[in-house]
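For reference, the chains in residue letters:
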Amino acid sequence: MSALGHYLEEEGLATTQISLVRPHTEKIRPPRALWVPFELGRPIGAPGHPEFQKKVMRAALALLERDAGPVLEDFPEDAPADAGPSAEGEGWVCPVALGAPPGLDAEPGSLAAALAREIHQLTPWYDLGREARGGRTTFGLAGLGIEAVGGFVTSFLDGERPDNPRPEIELGDVLKLAIEDLKNYYFEASNAQPGKTAGNAELQEWFWNETTAGEMLRVLHPVIMESDDSRIRLLGEKALIPRRQKNRAKPEAPRKAS
Amino acid sequence: MVRMTDLPDYEREYLLEVPCPTFDSDPWVAGPPVAERRVAIISTAGLQRREDRPFVRDDADYRVFHKDTDSADIVMSHVSVNFDRTGFQQDLNVVFPVERLKELEAEGAIGSVADYHYSFMGSTTPDDMEPLVREIAGYLREDCVDAVLLAPV
């Protein structure tokens, strides 16, 4: 992001930017940047807090009135916490009792059937959440319905390559989009109850460790790592399991006192 | 929070090892007060309109949004799995604050909101994006933009 500021300023356009990773901005030295202490994925702060969001933007835009640079300033406030039980220390619980996943050694057919049942259970909550947001949803990247998404992703479990439902896009990239759709659907459904929204860390823990969908993707991971399609292998290497989940079992090294 | 001291060791080490370009110059463009400026947003969140071609790994190109594009038509096809999407799912403005920009215009805090805004996908090498960023500069000038707010993800 910081490099884009450099290019635009060379083209005669004044820029100001949000910085999420301060060491990167310190190295690249864009003309004007406001470092914010927010989670990756939330450059303007927190959902549903328009006044806070505008405070962040005013602070970033104010850097345009400086006389010289590069300028890198720190925004002084943390973002408001997500509303809901987690904010009160009660712990977040998915509104739907999904039941235990079938297990990592389940047959592909059993996993696919369990996934279809789980999706069916979540559908009323997904619909409720979508309705509450005026019809807005982040589902729909692959251009398939949710049942077709589940069927398409699980069809890779046996190591075969299914027909490509979007021939204009490489099969591995369609698989990636379908997996993102699956996660978007689950996250929207599980966050549908007003006042009980969870943040990224809680939903990631839930999705990857308590749902059949997460378990199915864990089973899929070694399968696609053996694919003869390099694009599908690349998905397995870099864009399937989050670093937080890959490192989940590793104990943290004690932090040295500073 | 993206304070280096708050991150687990593996995440801090990963972020500190991400290659960053460096430059020999510090370009700087002066301008009028913010209250007189026309502002555009460029995001690197891999945003697209629902009917656009999705971003896929190593895409260096961009997508365009009219300022009145319905938020229900904007989705995210960034390839990374290592950042929060729940904020974006609840509120587009956490990533792409065009509604907030309109409010700042109404309050007189900025001059106006540009007609068009843009998104790249930030996991792509900056060198690959450079020619397209310079291309967008021309479109921004045609739109009379004199301030760009860059938002990462």
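Residues numbered from 1 in each chain as written. Chains lettered and ligands numbered in written order. Predicted model: local features only at pLDDT ≥ 70, side-chain atom pairs only at ≥ 80, totals over all residues.

Partitioning chain A into structural domains gives domain 1 (2–74) and domain 2 (86–246). Summarising the inter-unit geometry, the C-alpha centres of domain 1 of chain A and domain 2 of chain A are found 33 Å apart. (Domains from an automatic or database assignment.)

Time to look at the packing of helix 6 (residues 171–190) of chain A against helix 7 (residues 200–210) of chain A. Residue and element names in this part refer to chain A. One way to put it is that helix 6 packs onto helix 7 with a least axis distance of 11 Å and a crossing angle of 120°. Taken together, the axes of helix 6 and helix 7 lie oblique to each other. Note that helix 6 runs across helix 7; the crossing there is right-handed. Contacts between helix 6 and helix 7 involve Lys183, Tyr186, Phe187 and Ser190 from the former and Leu203, Trp206 and Phe207 from the latter. (Axes fitted to C-alpha atoms, helices over the stretch in contact; angles between N-to-C directions. Helix = DSSP H or I, 4+ residues; strand = E, 2+ residues; numbered from the N terminus. Parallel < 35°, antiparallel > 145°, perpendicular 65-115°, else oblique. Left-handed = near helix turned anticlockwise from the far one by under 90°. Contact = placed C-beta atoms within 7 Å.)

What follows covers the environment of Phe96(B). Note that Phe96(B) resides in the loop between helix 2 (86–90) and helix 3 (98–106). Counting along the chain gives 41 residues from Phe96(B) to Phe55(B), while the straight-line C-alpha distance between them is 17 Å.

Where interface size is quoted, it is often the accessible area lost as the parts come together. Every contact between the two is made by 74 residues of chain B and, on the other side, 77 residues of chain A. Within the residue set of the side of chain B that touches chain A, elements represented by two or more residues are helix 1 (9–17), strand 4 (74–76), helix 2, helix 3, helix 4 (126–142) and strand 7 (147–151) of chain B. Pairing of strand 1 (residues 15–19) of chain A with strand 7 of chain B involves 3 bridges; the strand directions are parallel. Within strand 7 of chain B, the residue paired with Thr16(A) across the bridge is Leu149(B). (Pairing = 2+ DSSP bridges.)

Residue and element names in this part refer to chain A. Along the polypeptide, alanine 132 turns up in helix 4 (residues 108–132). Overall, alanine 132 belongs to the partly exposed group, with 15 C-beta atoms counted inside 10 Å. In this structure, the C-alpha to C-alpha distance between alanine 132 and glutamine 193, residues 61 residues apart in sequence, is 9.5 Å. When residues no more than four places from it in sequence are discounted, the contact partners of alanine 132 are Ala192 and Pro194. (Buried ≥ 20, exposed ≤ 12 C-beta atoms within 10 Å, placed from the backbone.)

Time to look at the nonpolar core. With 105 residues, the main nonpolar core has Leu4(A), Ala178(A), Val95(B) and Val148(B) as its most contacted residues. For this core, the leading source of residues is helix 6 of chain A, giving 10 residues. Two domains share this core, each providing at least three of its residues, namely domain 1 (2–74) and domain 2 (86–246) of chain A. (Core = buried A, V, L, I, M, F, W, Y, C linked by C-beta atoms within 7 Å.)

This part takes up the environment of Ile169(A). All names here are of chain A. Locating isoleucine 169 in the fold gives a position in the loop between helix 5 (146–154) and helix 6. Looking at isoleucine 169, the number of C-beta atoms within 10 Å reads 18, which means it is partly exposed. In this structure the C-alpha to C-alpha distance between isoleucine 169 and glutamate 210, which are 41 residues apart in sequence, comes to 32 Å.

Attention shifts here to the pairing of strand 1 (residues 38–43) of chain B. All names here are of chain B. Counting buried residues in strand 1 gives 5 out of 6 residues, a clear majority hidden from the surface. Relative to strand 5 (residues 112–113), strand 1 runs parallel, the two sharing 2 bridges. Within the sheet, the bridge partner assigned to valine 39 lies in strand 5 and is valine 113. Alignment of strand 1 against strand 7, held across 5 bridges, turns out to be parallel. Bridging from a neighbouring strand, valine 39 pairs with alanine 147 of strand 7. Where strand 1 and strand 6 (residues 116–119) come together, 2 bridges link them in parallel fashion. Residue pairing for strand 6: serine 43 is matched across the bridge by serine 119.

Here we take up helix 8 (residues 212–225) of chain A. Residues and elements named next belong to chain A. Relative to the 20 Å expected for 14 residues at 1.5 Å per residue, helix 8 spans 20 Å between its end C-alpha atoms, a close match to the ideal helical length. Within helix 8, the full set of buried residues consists of Thr212, Ala213, Gly214, Glu215, Met216, Leu217, Leu220 and Ile224. Along its buried surface, helix 8 packs onto helix 4, helix 5, helix 6, helix 7 and helix 9 (230–238). (Expected span 1.5 Å × (residues − 1).)

Let's shift gears to unusual backbone geometry. Cis rather than trans, the peptide bond between Gly69(A) and Pro70(A) has omega equal to 5°. The phi dihedral of Arg29(A) falls on the positive side, at around 55°, and the residue is not glycine. Residue position: Arg29(A) is located in the loop between helix 2 (22–28) and strand 2 (32–35). Using a count of 19 C-beta atoms within 10 Å as the deciding quantity, one classes Arg29(A) as partly exposed. Although it is not a glycine, Cys144(B) sits at a positive phi angle of roughly 65°. Along the chain, Cys144(B) falls in the loop between helix 4 and strand 7. Residue class for Cys144(B) comes out exposed when judged on the 12 C-beta atoms lying within 10 Å of it.

Averaged over all residues, the pLDDT of chain A equals 91, while 93% of them reach at least 70. When the criterion is pLDDT under 50, residues 254–258 of chain A qualifies, and its contacts beyond four places in sequence or with other chains add up to 0 contacts. (pLDDT = per-residue confidence, 0-100.)

It is worth spelling out the packing of helix 4 of chain A against helix 5 of chain A at this point. All names here are of chain A. Their axes nearest at 10 Å, the elements helix 4 and helix 5 cross at an angle of 160°. On the basis of their axis angle, the class for helix 4 and helix 5 is roughly antiparallel. In terms of crossing hand, the pair formed by helix 4 and helix 5 is right-handed. Of the residues in helix 5, those in contact with Pro108, Leu111, Ala112, Leu115, Ala116 and Ile119 of helix 4 are Ile146, Glu147, Gly150 and Thr154. A per-class count over the contact of helix 4 with helix 5 returns 7 nonpolar, 2 polar and 1 charged. (Nonpolar A, V, L, I, M, F, W, Y, C, P; charged D, E, K, R; others polar.)

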